[in-house]
Amino acid sequence: MLRRGTPAAPLQRFVAFDRRLSARLAISREARCLRLLALIAAHSGDSPLWLTGAVAALVWGDAAWRDFGWRVLVGTLAAGAITTALKWLFRRQRPPGEGQGFYTRFDRHAFPSGHAGRSACLVALLAPLLPPWGTALLALWAGLVGLARVALQVHFVSDVIGGWTTGIGVGLVLGLVF
């Protein structure tokens, strides 16, 4: 244990706080209805879902939908690539617990959250195409995706905040291209 006042002590306290907060937000398996809602929210941010929608908009949409499709396609791929690279750089393990599933089998690392990164990137990229209320709803959705990832015990709160920060940054940079 590090003594108070050593350089790593604040980091250790932050990690302990992050773990405690994340554990408080977790949903147990017994709360089936809440867990189902969290699963739906969490998986609404899955990349295959958004990539399928992007391709559909590009193939069958008019000019406005094609703009939407390009933004979703590029944003999903770019945010995914950058969050994956950062995960391999940091190699932070996922929380222990019940949150083992499809993604955790193939992606053992937690920081930053790819789902949070992708959802925040999409908010930044799609905001110019949406009315203010649409942007607010999309931002609320991104918040729920991140919260659900913590509630399902596949991420710590700091993983989600790191994902949102990364995603907003990627989205703002890509927005300059569009």
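None of these values were measured; they are calculated from a predicted model.

Rules behind the numbers
Residues numbered from 1 in each chain as written. Predicted model: local features only at pLDDT ≥ 70, side-chain atom pairs only at ≥ 80, totals over all residues. Heavy atoms only, no water. Helix = DSSP H or I, 4+ residues; strand = E, 2+ residues; numbered from the N terminus. Contact = heavy atoms within 4.5 Å. Areas by Shrake-Rupley, 256 points an atom, 1.4 Å probe, with all protein chains shown as cover. Expected span 1.5 Å × (residues − 1). Buried < 20%, exposed > 50% of the residue type's maximum accessible area, 1.4 Å probe, protein only. Salt bridge = Lys/Arg side-chain N within 4 Å of Asp/Glu carboxyl O. Axes fitted to C-alpha atoms, helices over the stretch in contact; angles between N-to-C directions. Parallel < 35°, antiparallel > 145°, perpendicular 65-115°, else oblique. Left-handed = near helix turned anticlockwise from the far one by under 90°. Nonpolar A, V, L, I, M, F, W, Y, C, P; charged D, E, K, R; others polar.

Per the secondary structure count, the protein includes 8 helices and 0 strands. The N-to-C order of helical and strand elements in the protein reads α-α-α-α-α-α-α-α. Of the contacts made within the protein by residues no fewer than 6 positions apart, 70% connect residues no fewer than 24 positions apart. Entry remark: accessible area of the protein is about 10,200 Å², with carbon and sulfur atoms responsible for 71%.

Attention now goes to helix H1 (residues 9–25). In a regular helix each residue adds 1.5 Å, so 17 residues correspond to 24 Å; H1 covers 24 Å between its end C-alpha atoms and thus fits that length. Three or more residues of H1 are buried, namely Ala-9, Asp-18 and Ser-22. For H1, the elements touching its buried residues are helix H7 (132–151) and helix H8 (157–177).

Right, let's talk about the pattern of salt bridges for a bit. All told, the structure shown has 3 salt bridges when counted by the stated rule. Ionic pairing is found between Arg-92 and Asp-18, a salt bridge with its closest N-O pair at 3.1 Å. Linking Arg-92 in the loop between helix H4 (63–90) and helix H5 (102–106) with Asp-18 in helix H1, this pair joins segments that are 74 residues apart in sequence. Taking the relative accessible area as the measure of exposure, Asp-18 reaches 2% and is therefore buried. Put simply, Asp-18, Arg-92 and Asp-159 are held in one network by salt bridges that share partners.

Let's shift gears to the environment of His-155. Along the chain, His-155 falls in the loop between H7 and H8. By relative accessible area, which is 1% here, His-155 ends up buried. Between the alpha carbons of His-155 and Gln-93 there is a distance of 9.0 Å; along the sequence they are 62 residues apart. The residues touching His-155, leaving out its near neighbours within four places in the chain, are Lys-87, Arg-94, Pro-95, Ala-110, Ser-113, Arg-149, Val-150 and Val-160.

Further remarks concern the packing of H7 against H8. The contact between H7 and H8 brings their axes to 9 Å, and the two run at 150°. Relative to H8, the element H7 is oriented roughly antiparallel. Where H7 crosses over H8, the handedness of that crossing is right-handed. In this structure, H7 uses Ala-142, Gly-143, Gly-146, Arg-149 and Val-150 to contact H8, whose residues at the interface are Val-157, Val-160 and Trp-164. For the contact of H7 with H8, the class distribution of residues is 5 nonpolar, 2 polar and 1 charged.

Turning our attention to the packing of helix H6 (residues 114–126) against H8. At their nearest, the axes of H6 and H8 sit 7 Å apart, and the two run at 35° to each other. Like other packed secondary-structure pairs, H6 and H8 cross with a definite hand, here right-handed. Across the interface between the two elements, Ala-116, Gly-117, Ser-119, Ala-120, Cys-121, Ala-124 and Leu-125 of H6 pack against Val-160, Gly-163, Trp-164, Gly-167, Ile-168, Val-170, Gly-171, Leu-172, Leu-174 and Gly-175 of H8.

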